[in-house]
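Structural overview for review
So the chains spell out like this:
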Amino acid sequence: RDDAKQALDSKLALLRANPTIRIRIEGNTDARGTNEYNIALGLRRSNTARRYISSPGTDNARFAGGSYG
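Just so it is clear, the structure is predicted and the values come from calculations on it, not from any experiment. (Residues numbered from 1 in each chain as written. Predicted model: local features only at pLDDT ≥ 70, side-chain atom pairs only at ≥ 80, totals over all residues. Heavy atoms only, no water.)

Concerning helix H2 (residues 35-54)
Operational definition: Where helices and strands are cited, they refer to DSSP runs of H or I of at least four residues and of E of at least two residues respectively, numbered from the N terminus. Each residue after the first adds 1.5 Å to the expected span of a helix. Residue burial is assigned from relative accessible area. The probe radius is 1.4 Å, only protein chains are included, and a residue is buried under 20% of its type maximum, exposed over 50%, and partly exposed in between. Any two residues having at least one pair of non-hydrogen atoms within 4.5 Å are treated as being in contact.
Across its 20 residues, H2 extends 28 Å between first and last C-alpha, which sits within 8% of the 28 Å expected from 1.5 Å per residue. Looking only at H2, the buried set comprises Asn 38, Leu 41, Gly 42, Ser 46, Ala 49, Ile 53 and Ser 54. Lining the buried residues of H2 we find helix H1 (2-17), strand E1 (23-27) and strand E2 (63-67).

So this is what it looks like as structure tokens:
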């Protein structure tokens, strides 16, 4: 979504200015669906955010991902 892109874009300057910063991106969901589905959905969400934020030239190894489901 555009609002999510804006939130991620706002962090890029900080990441570029501080190449040693490492971050963990967590995906969240609501209570609908099974635990397994929500864990997988949260992981897809965190991976999507990670791919987006690493595409402008930041090192993908600086990001860890996970899911709270």
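The rest of the description comes next.
Considerations on the nonpolar core
Counted only if it meets this: Grouping buried Ala, Val, Leu, Ile, Met, Phe, Trp, Tyr and Cys residues that are joined through side-chain atoms within 4.5 Å yields what is termed a nonpolar core.
Among the nonpolar cores identified, the biggest contains six residues, and these are Leu 12, Leu 15, Ile 25, Ala 49, Ile 53 and Phe 63. Those elements that place two or more of their residues in this core are H1 and H2. Apart from residues lying up to four places away in sequence, Ile 53 is in contact with Leu 8, Lys 11, Leu 12, Leu 15, Ile 25, Thr 58 and Phe 63.

Structural measurements only, silent on function.
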